[in-house]
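Structure at a glance
Each chain, written out:
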Amino acid sequence: MRSEFRSWAFLGWVFLLLSIGGNKVQGEGSIPAGLDDQNVIVTRLEVRAAERARALGTYRSSRIYRVINDQRNFRRDFPVSMEITWPNSKRYKLPDPPPNGVVFRMAIKSLLDTEVANAGLGIQKASAITSANYQFQLEGHEEIDGESCWRLRLTPRRESRFLIQGQAWVSCTDYEIVKLEGRPTKMPSFWIKDILLIRLFQKVGNYWLPRADRSINQIRVFGQIQLEIDYLDYEFGAKEVQ
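Since this is a predicted model, take the numbers as computed values, not measurements.

Cut-off values and rules
- For every chain, the first residue of the written sequence is number 1, and numbering continues from 1 onward in sequence order.
- Whole-chain, interface and lining totals are the exception, using all residues; otherwise, since this is a predicted model, local features are given only for residues with pLDDT of at least 70 and side-chain atom pairs are given and counted only at 80 or more.
- Side-chain measures were taken over the full set of non-hydrogen atoms in the model, leaving aside hydrogen atoms and water.
- The predictor attaches a confidence to each residue, called pLDDT, with possible values from 0 through 100.
- Helix numbers and strand numbers start at the N terminus; a helix is a DSSP run of H or I with at least 4 residues, a strand a run of E with at least 2.
- Contact between two residues is taken to exist if any of their heavy atoms lie within 4.5 Å; hydrogens are not considered.
- Using a 1.4 Å probe on the protein chains alone, a residue whose accessible area is under 20% of its type maximum counts as buried, one over 50% counts as exposed, and one in between counts as partly exposed.
- Two strands qualify as a pair provided DSSP detects at least 2 bridges between them.
- The term salt bridge refers to a pairing of a side-chain nitrogen on Lys or Arg with a carboxyl oxygen on Asp or Glu at a separation within 4 Å.
- By disulfide we mean two sulfur atoms from cysteines, separated by a distance within 2.5 Å.
- In a helix, the anticipated span is given by 1.5 Å times the number of residues less one.
- An arc is given here, and it is the one of the directions from the helix axis to the C-beta atoms.

Overview of the confidence of the model for the protein
Predicted confidence across the protein gives a mean pLDDT of 82, with 81% of residues reaching 70 or more. When the elements of the protein are averaged for pLDDT, strand E1 (residues 24–26) gives the smallest value, 36, and strand E6 (residues 147–156) the largest, 97. Note on residues 1–34: pLDDT is under 50 here. Beyond four places in sequence and across chains, it has 101 contacts. Predicted confidence for residues 238–242 stays below pLDDT 50, and this span has 14 contacts to residues more than four positions away or in other chains.

Here it is, written out as structure tokens:
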């Protein structure tokens, strides 16, 4: 059971999506003329992602990991600091004294260890929102928290626990992802009945970085378990965000 729960925790972090409630939807007919070529949008998205990775260099984020099970009246927060160095290095720091307990060991620490272990370029390439991994369909134009966005349908090119069936909202100005939402194309184990995954981004300097992750997991025996990650602040090292 422990290994199955570990797989769930990692999956809940990898696939990150955000709720659509309150978003202003304009139909397909409202897409501005001349900029509605999905191939152009995706190409610019991929170029922008590469520019962002190089520009950020080394940076840190303070995070709050949260596990919630309302059926068992359980809610627990775990603060963590994560340092990311482009292109393929991550390391985390726990508070002193570090947290303990079954939930921390089986879910949070396992999730952190897996994130660090999978920071290599191979996993990044396999999970990236790119034309190599997805087919894209432009569905419309929406405003997300005041940001004008293209809404793209994501259809994975293969079945993989690193890919989602869902939607991406891409800034019309910056060509970066503002929001992701969907479900994994492949459940990691028998114990997991369903997963809804959400990631919301925030603009920091000139780039969009994660603001919140929400994973709603239907687990056999345990019921509904929510995994949340809040990104509270970012600190940039050798390279300043321009």
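Alright, that's what it looks like, and here's the rest.
Focus: the pairing of strand E7 (residues 164–171)
With respect to burial, E7 is a largely interior element, 7 of its 8 residues being buried. Sheet topology places E7 next to strand E8 (residues 177–184); 7 bridges connect them, and they run antiparallel. Note that in E8 the partner of Val170 across the bridge is Ile177. Linking E7 back to E8 in an antiparallel pair, the connection comprises 5 residues, with Tyr175 at a positive phi of about 55°.

Thoughts on the pattern of salt bridges
Under the counting rule described, the total for this entry stands at 18 salt bridges. Across the salt bridge formed by Arg151 and Glu139, the nearest N and O atoms sit 3.4 Å from each other. Taken as a pair, Arg151 in strand E6 and Glu139 in strand E5 (residues 134–144) lie far apart in primary sequence, 12 residues in all. What makes Arg151 buried here is its relative accessible area of 10%. Salt-bridge contacts for Arg151 lead to Glu142; the nearest nitrogen and oxygen are separated by 2.6 Å. A network of salt bridges, in which partner residues are shared, links Arg66, Asp77, Arg214, Glu228 and Asp230.

Remarks on the state of the cysteines
One pass over the full model with this rule turns up 0 disulfides. In this model Cys149 remains outside any disulfide bridge; the closest cysteine sulfur is found in Cys172, 6.2 Å from its own.

Points about the pairing of strand E9 (residues 192–204)
Within a regular strand, side chains alternate between the sheet's two faces. As paired elements, E8 and E9 share 4 bridges and run antiparallel to each other. Its bridge partner lying in E9, Lys179 is registered against Leu200. One ladder, built from 12 bridges, connects E9 with strand E10 (residues 207–219); its direction is antiparallel. Looking across to E10, one finds that Phe201 is bridged to Pro210. Where E9 folds back on E10, the antiparallel hairpin that results is connected by 2 residues, among which Gly205 adopts a positive phi of roughly 65°.

Quick look at helix H2 (residues 38–56)
Counted at 1.5 Å a residue, the expected span for H2 with its 19 residues is 27 Å, and the 27 Å between its end C-alpha atoms agrees. Residues of H2 that are buried: Ile41, Val42, Leu45, Arg48 and Leu56. Projected onto a plane normal to the axis of H2, the buried residues spread over an arc of 125° and lie on a single side. Among the residues trailing H2, Gly57 stands out with phi positive, at a value near 60°.

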